[in-house]
Amino acid sequence: MTPESATSPSRRVPTDLADRLFDIRTIYHEAGIERFERAREVLDRHPDAERVVVPSHTAIPGLYGNAGNVDDWVRIKREVLVLGEKKSLTARPNGRSSDWIAPSTANGCAMACSYCYVPRRKGYANPVTVFANIERITGYLERHAARQGPKTEPNQCDPVDWVYDIGENSDCSADALLSDNVRDLVELFGRIPNAKASFATKLVNRRLLELDPRGGTRVRFSLMPEAASKAVDIRTSPVAERIRALDDFVDAGYEVHLNLSPVIVHEGWLDEWAGLLQQVADGTSARTRAQLAAEVIFLTHNEDLHEVNLGWHPRGEELLWRPDLQQAKRSQSGQWNVRYKSTWKSRWVGQLVDLLGETLPECRVRYAF
Ligand code: SF4
């Protein structure tokens with residue numbers, strides 16, 4: 001059985017997913033969390049939710065590690081919210097899609113993509129935790145950016161600004177449905193002169209269009225061909241809706257990039273990508289295309305996740321698990337990850353980058369692997 005439905009794992013409502021993603025019934029929180037204004041706001045939004053005091057936002061029995069409890073994942077994602085305090089604040093150097101990974105203002109995800117590596121690390125239901133000490137986090141980020149001074153050398157993250165990834169552990173479009181943390185971050189980076197925020201998303205949350213990012217926030221819309229997305233992107237906005245949102249986000253003052261990931265290779269994959277990129281070219285304005293850049297990331301899958309997925313969504317595994325195309329490598333944590341065989345993969349990466357150059361010539365490729 002799938003988490004979303006017993007019969008249709010990719011079933012989704014096309015227009016109002018953001019409105020139905022959450023129906024918060026239980027809020028787990030640390031003792032004294034009401035001392036934070038953000039916590040009081042979140043609690044006030046859900047006056048009927050049961051409140052459960054827990055010793056720590058990271059140790060809640062039943063919420064994490066329940067790999068076998070597939071039926072409960074989506075119910076927990078929809079109905080449970082955790083409120084906590086982010087205790088250690090560090091901006092970690094990155095260098096790939098961002099210069100720094102910002103300390104999280106939320107963690108967990110309301111969506112359920114079957115290839116997602118996050119549940120493996122954090123327990124499968126992985127509901128959203130909102131960190132209530134937002135002023136401390138934004139203050140830390142402002143001081144951190146000030147210490148960097150101007151960016152003097154362009155890099156693959158950005159030619160002029162220091163880039164902070166604000167969504168490493170969550171999807172900010174979904175987080176913005178639960179608290180004003182994302183609004184505060186967008187406002188912060190709208191006024192910091194030398195830095196911008198960045199996050200990848202698979203959800204179209206049009207409430208973000210009401211904010212005033214002033215070019216200080218980059219939204220990286222994740223795209224893959226619709227047929228594959230329907231099989232593996234569970235509880236996400238349809239790809240066509242994400243493409244339709246690109247112009248609107250640019251018009252609202254966001255920088256908009258493409259996160260082309262994961263690229264899943266199967267028979268006919270390159271033709272499907274040609275169709276997708278053409279959809280983007282046809283569905284966007286010249287202004288949007290002129291500011292686009294893309295990151296291209298081919299699929300990494302994992303043996304343990306494959307075993308879990310076979311129990312609830314075997315159709316997705318027909319795409320994701322391809323031993324004839326993949327090679328295994330043991331990760332530092334001792335798990336077996338699989339990637340496309342390196343000689344073939346480098347050719348496929350080249351083919352997709354060439355296709356991008358032909359179909360969306362304005363779109364710079366920030367990196368591809
Ligand atoms: S939206 Fe991102 S974080 Fe959430 S399940 Fe999908 S891949 Fe994972």
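Calculation criteria
Residues numbered from 1 in each chain as written. Predicted model: local features only at pLDDT ≥ 70, side-chain atom pairs only at ≥ 80, totals over all residues. Heavy atoms only, no water. Helix = DSSP H or I, 4+ residues; strand = E, 2+ residues; numbered from the N terminus. Rg over C-alpha atoms; globule rule 2.2 N^0.38 Å. Buried < 20%, exposed > 50% of the residue type's maximum accessible area, 1.4 Å probe, protein only. Contact = heavy atoms within 4.5 Å. Near = heavy atom within 4 Å. Nonpolar A, V, L, I, M, F, W, Y, C, P; charged D, E, K, R; others polar. Axes fitted to C-alpha atoms, helices over the stretch in contact; angles between N-to-C directions. Parallel < 35°, antiparallel > 145°, perpendicular 65-115°, else oblique. Left-handed = near helix turned anticlockwise from the far one by under 90°. Pairing = 2+ DSSP bridges. Salt bridge = Lys/Arg side-chain N within 4 Å of Asp/Glu carboxyl O.

Draft legend 1. A look at the overall build of the chain. When helices and strands are counted, the chain shows 14 helices and 16 strands. What you see for the chain is a C-alpha radius of gyration of 20 Å, in line with the 21 Å of a compact globule of 369 residues. Across the 369 residues in the chain, those meeting the buried criterion constitute 58%. For the chain, the share of sequence-separated contacts (at least 6 apart) that also reach a separation of at least 24 residues comes to 75%.

Draft legend 2. Spotlight on unusual backbone geometry. Each neighbour pair has its own omega, and for Ser261 with Pro262 the value is -15°, a cis peptide bond. With respect to the element layout, Pro262 can be found in strand S11 (residues 255-263). In this structure, Asn126 is a non-glycine residue whose phi angle is positive, near 50°. On the secondary structure map, Asn126 appears in the loop between helix H4 (118-122) and strand S7 (129-131). If you check the backbone angles, Arg235 has positive phi at about 65° while not being a glycine. Position of Arg235 relative to the elements: it lies in the loop between helix H8 (226-232) and helix H9 (239-251).

Draft legend 3. Region of the structure containing the site of the ligand. All residues in the neighbourhood of the ligand are listed as Cys109, Met111, Ala112, Cys113, Cys116 and Lys202. Of the residues contributing to the shell around the ligand, the split by class is five nonpolar, no polar and one charged.

Draft legend 4. Summary view of helix H7 (residues 181-191). Among the eleven residues that make up H7, eight are buried, leaving the element largely enclosed by the rest of the structure. Taken as a whole, H7 has its buried residues at Asn181, Val182, Asp184, Leu185, Val186, Leu188, Phe189 and Gly190.

Draft legend 5. The arrangement of the packing of helix H5 (residues 134-148) against H7 in detail. The geometry of H5 relative to H7 is characterised by a closest axis approach of 11 Å and an angle of 25° between their N-to-C directions. In terms of axis orientation, H5 runs roughly parallel to H7. In this structure, H5 meets H7 at a crossing whose hand is right-handed. For the pair formed by H5 and H7, the contact residues are Ile134, Thr138, Leu141 and Glu142 on the first element and Asn181, Asp184, Leu185, Leu188, Phe189 and Arg191 on the second. Its residues placed into classes, the contact of H5 with H7 shows five nonpolar, two polar and three charged.

Draft legend 6. Seen up close, the sheet that holds strand S10 (residues 217-223). A sheet is described by the order of its strands in space; here eight strands give the open sequence S4-S5-S8-S9-S10-S11-S12-S16, paired in mixed fashion. Sheet topology places strand S4 (92-93) and strand S16 (364-368) at the edges, where each strand pairs with a single neighbour. Direction of pairing for S4 relative to strand S5 (residues 100-101): antiparallel, over a ladder of two bridges. From the neighbouring strand, Pro93 faces S5, where its bridge partner is Trp100. This element, H5, spans S5, strand S8 (162-165) and strand S9 (195-201) of the sheet and lies at about 155° to S8. Against the sheet, helix H14 (residues 342-359) makes contact with S11, strand S12 (293-298) and S16, and its axis sits at roughly 155° relative to S12, the strand it touches most.

Draft legend 7. Summary view of the pattern of salt bridges. Evaluation of the coordinates by the stated rule reveals 29 salt bridges. A salt bridge links Asp324 to Arg322; its shortest N-O distance comes to 2.8 Å. Taken together, the shared-partner salt bridges in this structure form one network comprising Arg38, Glu41, Arg45, Asp180, Arg183 and Asp184.

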